[in-house]
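# Structure at a glance
What follows is each chain in one-letter form.
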Amino acid sequence: MLATSLDSLAKNMECEEQSSISLLDIVIKWNGNDYDVKNLNTNSDVRTLKEEIFKCTGVRPERQKLINLRISGKMAPDECLLNAINIKSGTKIMMVGSKEEDIAEASVVPPKREKGRKCKSYDSEEFDEERVDKMEIHLAKVQNRVDNYEIKMLNDPRPGKKLLVLDIDYTLFDHRSAAESGIELMRPYLHDFLESAYEHYDIVIWSATDMRWIERKMAVLNVANNAAYKIMFYLDNAAMITVHTPKYGVVSVKPLGVIWGKFPENYNKHNTIMFDDIRRNFLMNPKNGLKIRPFREAHLNWEMDKELLHLSVYLYEIAKIDDFSKLNHRNWEKFIKKAQYKKEKRHKRDRTDNNEPKPPDSLPKL
């Protein structure tokens, strides 16, 4: 009788233990790919999860940084149980980390350059850009802005339009010079430029300042409520992220991925261009940025500055192109000259064709 009771009690305890255990399927996002970790026991700790991730990715547990696996606002420690984090099956976790062989390769000291010979792989701006925009820790920051930054919409996206993102200071406005009114510091042809661009582009203003200053400047320049064009929304410094590069150190940049993540059906790397007077702001999207000549000393340069006038032509010409990623915006002036040359050649050919004598409709009567 006692043995039967003990057996029954043991079975009940086993059933209770099994009912308290559930299995999780988790998706790990790393290096642009998804890795499935299946049938993970909820009573397991974070260390066990990392060991399973190691089997999938080859990244050792001590190298892994699980960005959005948090408890009490902090990254979950290895000894923390998964059921304490209240993680659900199907959760996507973004991981940052490198394989041992990748770390070894990156640690190799570059060879010394021969005197007078340039080594593009290590000295050029392009090297920094290529490294920064693919780093998982920076992509995680972009995703954080996509998830948490709130955009105050001024106007809705228009179907089929490309995207133009504009800086303010030294791009549209000389914010350092003294003047009786802000209009005196406005870049020449600003409203003509925006009206022309609006035909083919939705327009966003992104400045590395506080939102209240952006709104104030746009009001002073009569951009905010202009009848000839509309601004879709403003982005301020809170939408930016910090990155570390060998060339610049730690800097704030403007990742276009924030906009692309918010509007995936409308905008992407193929239809977006950004103007800024600081090239490093393009570090996360080097192929989408055009460095504009800074507009300074407005009173001295007002009559000479025709940057926006020429750039409006460039925007008009490239609006016909489906994929901006194939363009080199550093050569935008050459692009305009080439396009104008083709137009002049075509017009000349048309004029020649029009002046040629036409054959008679019928043979003359004898």
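Residues numbered from 1 in each chain as written. Predicted model: local features only at pLDDT ≥ 70, side-chain atom pairs only at ≥ 80, totals over all residues. Heavy atoms only, no water.

The protein chain is annotated in an unreviewed UniProt entry as Ubiquitin-like domain-containing CTD phosphatase 1 from Aphis craccivora. Checking UniProt for the protein chain, the heading Subcellular location (unreviewed entry) contains the comment "Nucleus". (UniProt positions renumbered as here; feature names shortened; annotations may be inferred.)

### Structural notes on the packing of aromatic side chains
Under the definition given, this model contains six aromatic pairs. Where Trp-30 meets Tyr-35, the ring centres are 6.0 Å apart and the plane angle is 50 degrees; that geometry is what we call tilted. Under the relative-accessibility criterion, Trp-30 is labelled buried at 4%. Consider the rings of Phe-263 and Tyr-267, whose centres lie 6.0 Å apart with planes at 65 degrees: the pair is edge-to-face. Accessibility expressed as a relative area gives 13% for Phe-263, which makes it buried. Judged by relative accessible area, Tyr-267 falls into the buried class, the value being 1%. A network of ring pairs unites the aromatic residues Phe-233, Phe-263 and Tyr-267 as a single cluster. Arg-60 extends its terminal NZ or CZ atom over the ring of Phe-54, reaching a point 5.9 Å from the ring centre. Between Arg-296 and the ring centre of Tyr-170, over which it is positioned, the NZ or CZ distance is 4.4 Å. (Phe/Tyr/Trp six-rings, centres within 6.5 Å; stacked < 30°, edge-to-face > 60°. Buried < 20%, exposed > 50% of the residue type's maximum accessible area, 1.4 Å probe, protein only. Lys NZ or Arg CZ within 6 Å of the ring centre and 35° of its normal.)

### What to know about the sheet that holds strand 13 (residues 289-291)
Strand order across the open sheet formed by five strands is 9-8-7-12-13, with parallel pairing between neighbours. The open sheet terminates on both sides in strands that have one partner only, identified here as strand 9 (231-235) and strand 13. Here the strands of the sheet are splayed against their neighbours by 20 degrees on average, with no regard to which way each runs. As judged from the three bridges shared by strand 12 (residues 272-276) and strand 13, these two strands associate in the parallel manner. Counted as the bridge partner of Phe-275 is Leu-290 from strand 13. (Pairing = 2+ DSSP bridges. Helix = DSSP H or I, 4+ residues; strand = E, 2+ residues; numbered from the N terminus. Axes fitted to C-alpha atoms, helices over the stretch in contact; angles between N-to-C directions.)

### Focus on the pattern of salt bridges
Going through the model one piece at a time under the given rule, you end up with 15 salt bridges. The salt bridge partner of Lys-50 is Asp-78, with a shortest N-O separation of 2.9 Å. With Lys-50 in helix 2 (residues 46-57) and Asp-78 in the loop between strand 5 (74-75) and helix 3 (82-85), the pair connects residues that are 28 residues apart, well separated along the chain. Residue classification places Lys-50 among the buried positions, given a relative accessible area of 10%. Two residues, Glu-307 and Arg-293, come together in a salt bridge whose shortest N-O distance is 2.9 Å. A residue pair is termed long-range when its members are at least 10 positions apart, and Glu-307 in helix 12 (residues 307-318) and Arg-293 in the loop between strand 13 and helix 11 (298-301) qualify at 14 residues. (Salt bridge = Lys/Arg side-chain N within 4 Å of Asp/Glu carboxyl O.)

### With respect to the side chain of His-138
Tracing the sequence through the fold places His-138 in helix 7 (residues 136-148). On the basis of relative accessible area, His-138 is assigned to the buried category, the value being 3%. Every residue in contact with His-138, bar those within four places of it in the chain, is listed here: Val-132, Ile-241, Thr-242, Val-243, His-244 and Met-284. (Contact = heavy atoms within 4.5 Å.)

### Here's the deal with the environment of Phe-263
In this structure, Phe-263 sits in the loop between helix 10 (257-262) and strand 12. When the C-alpha positions of Phe-263 and Pro-157 are compared, they lie 8.8 Å apart, and in sequence the two are 106 residues distant. Non-local contacts of Phe-263, meaning those with residues more than four positions away in its chain, are made with Ile-151, Met-153, Pro-157 and Phe-233.

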